[in-house]
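Each chain is listed here by its residues.
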Number of protein chains: 2
Amino acid sequence: MKQFEEKTIHREEIFRGNLISLHVDDVELPNGMRSKREVVKHPGAVAVIPLTDEGKLVMVKQFRKPLERTLVEIPAGKIEKGEEPHVTALRELEEETGYTTKNLKYVTSFYTSPGFADEIIHLYFSNELVKLEEKVSGDEDELIEIVELTLEEAEQYVKEQKIHDAKTAYAVLYVKMLLGRG
Amino acid sequence: MKQFEEKTIHREEIFRGNLISLHVDDVELPNGMRSKREVVKHPGAVAVIPLTDEGKLVMVKQFRKPLERTLVEIPAGKIEKGEEPHVTALRELEEETGYTTKNLKYVTSFYTSPGFADEIIHLYFSNELVKLEEKVSGDEDELIEIVELTLEEAEQYVKEQKIHDAKTAYAVLYVKMLLGRG
């Protein structure tokens, strides 16, 4: 769909961090007009919807600095260099929840903020969870707490805005549909 | 939930743009450990799920510079300073699709990328659309094309990754549930 393409005239590199980088592009639109685009680059991430035999969603509670508050989210994490998304997904499930699985089903992928960032999240689902005998340790600077919620509790958390992010909102809707309570 | 709070020790302002700004925080974790957090600030946005009397989803096709490709998304836009989200929602619906409505229902809100950004999207729904007699013009530097899709077509677009962003993935799932085709 070439007719919409915005041609980069000039790129200014602003920042290169541990997680993200930022550049500003001067672009030329197909109608000849010029504009600026502020672009955040991100390595991509995975998330897992873990549903226990008891029909509970396994979530993690953690502090999110950009929001200056604690959120309850499905387990997720960024893809390390060269890592296949399903490998990241299983690793994050084990590290963050203490469960593992032999059946991780791919659900979908989505860009989270196409207006200013290229972050993509690959979403997986498992309802064949097995409790790990030994804890697998994750990121040292990531303090988390596990919360297991029924669908009703998860919906209450959405109302109270304790659950408040796109991937987890999608997860709650997905499980609602799965359990035929739409 | 103070036990998770990450205290800012030092903040470095990196960038202040037209859409986003960026800073890096040195933080102290509750366990005494120190780390860095890269944070993007965004003014917030709205999105609308417009469903026609014929059961079609009204979407917009546009080029997304961060992805260097064209996506099909539900109409959306950033909240202007001092604007109420539902006002932004109606404005974006009118500007981007040529439809208006007297019944815009609030669905939910979600943070899109709580790991590195504070962007929040307020999501609305309307199935009482009225075609505007005259076109309302929107952002000059935003070239878009309207696409009306049945749920089946929308799901096909998801498979082909023409629909590929969080708010639109949520919208497709939402309409699927609404139409009882989960």
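Residues numbered from 1 in each chain as written. Chains lettered and ligands numbered in written order. Predicted model: local features only at pLDDT ≥ 70, side-chain atom pairs only at ≥ 80, totals over all residues.

### Quick notes on the confidence of the model for chain A
- Residues with a pLDDT of 70 or more make up 98% of chain A, whose mean pLDDT is 94.
- For this predicted complex, the interface confidence comes out at an ipTM of 0.94, alongside a pTM of 0.94. (pLDDT = per-residue confidence, 0-100.)

### Side note on the sheet that holds strand 6 (residues 69–73) of chain A
All names here are of chain A.
- Pairing is antiparallel in the open sheet, where three strands are placed in the order 6-5-12. Each edge of the sheet is formed by a strand with only one pairing partner; in this case those strands are strand 6 and strand 12 (144–149). When strand polarity is set aside, the average angle formed by the axes of neighbouring strands in this sheet is 25 degrees. (Pairing = 2+ DSSP bridges. Helix = DSSP H or I, 4+ residues; strand = E, 2+ residues; numbered from the N terminus. Axes fitted to C-alpha atoms, helices over the stretch in contact; angles between N-to-C directions.)

### Regarding helix 1 (residues 85–97) of chain B
Residues and elements named next belong to chain B.
- The terminal C-alpha atoms of helix 1, which comprises 13 residues, lie 18 Å apart, in line with the 18 Å expected from a rise of 1.5 Å per residue.
- Among the residues of helix 1, those classed as buried are Thr88, Ala89, Glu92, Leu93, Glu96 and Thr97. Burial along helix 1 is one-sided: seen end-on, the buried residues are contained in an arc of 135 degrees.
- Here the buried face of helix 1 lies against strand 4 (45–50), strand 5 (57–64), strand 7 (76–78), strand 8 (99–101), strand 10 (120–126) and strand 12 (144–149).
- Where helix 1 terminates, the next one or two residues include Gly98, which has phi positive at roughly 80 degrees. (Expected span 1.5 Å × (residues − 1). Buried ≥ 20, exposed ≤ 12 C-beta atoms within 10 Å, placed from the backbone. Arc of directions from axis to C-beta. Contact = placed C-beta atoms within 7 Å.)

### Things to note about the sheet that holds strand 12 of chain B
Residue and element names in this part refer to chain B.
- Read across the open sheet, the three strands follow the order 6-5-12; overall the sheet is antiparallel. This sheet does not close on itself; its edge strands, each paired only once, are strand 6 (69–73) and strand 12. When the angles between neighbouring strand axes are averaged without regard to direction, this sheet yields 25 degrees.
- The pairing of strand 5 with strand 6 spans five bridges and is antiparallel. Following the sheet pairing, Lys61 is matched in strand 6 by Val72.

### Re the interface of chain B and chain A
- Contact with chain B, which involves 56 residues of that partner, is made by 56 residues of chain A.
- Looking at the side of chain B that touches chain A, the elements with two or more residues in it are strand 1 (7–16), strand 2 (21–28), strand 3 (34–41), strand 5, strand 6, strand 9 (105–111) and helix 3 (166–178) of chain B.
- Across the side of chain B that touches chain A, the residue classes break down as 31 nonpolar, 12 polar and 13 charged. (Nonpolar A, V, L, I, M, F, W, Y, C, P; charged D, E, K, R; others polar.)

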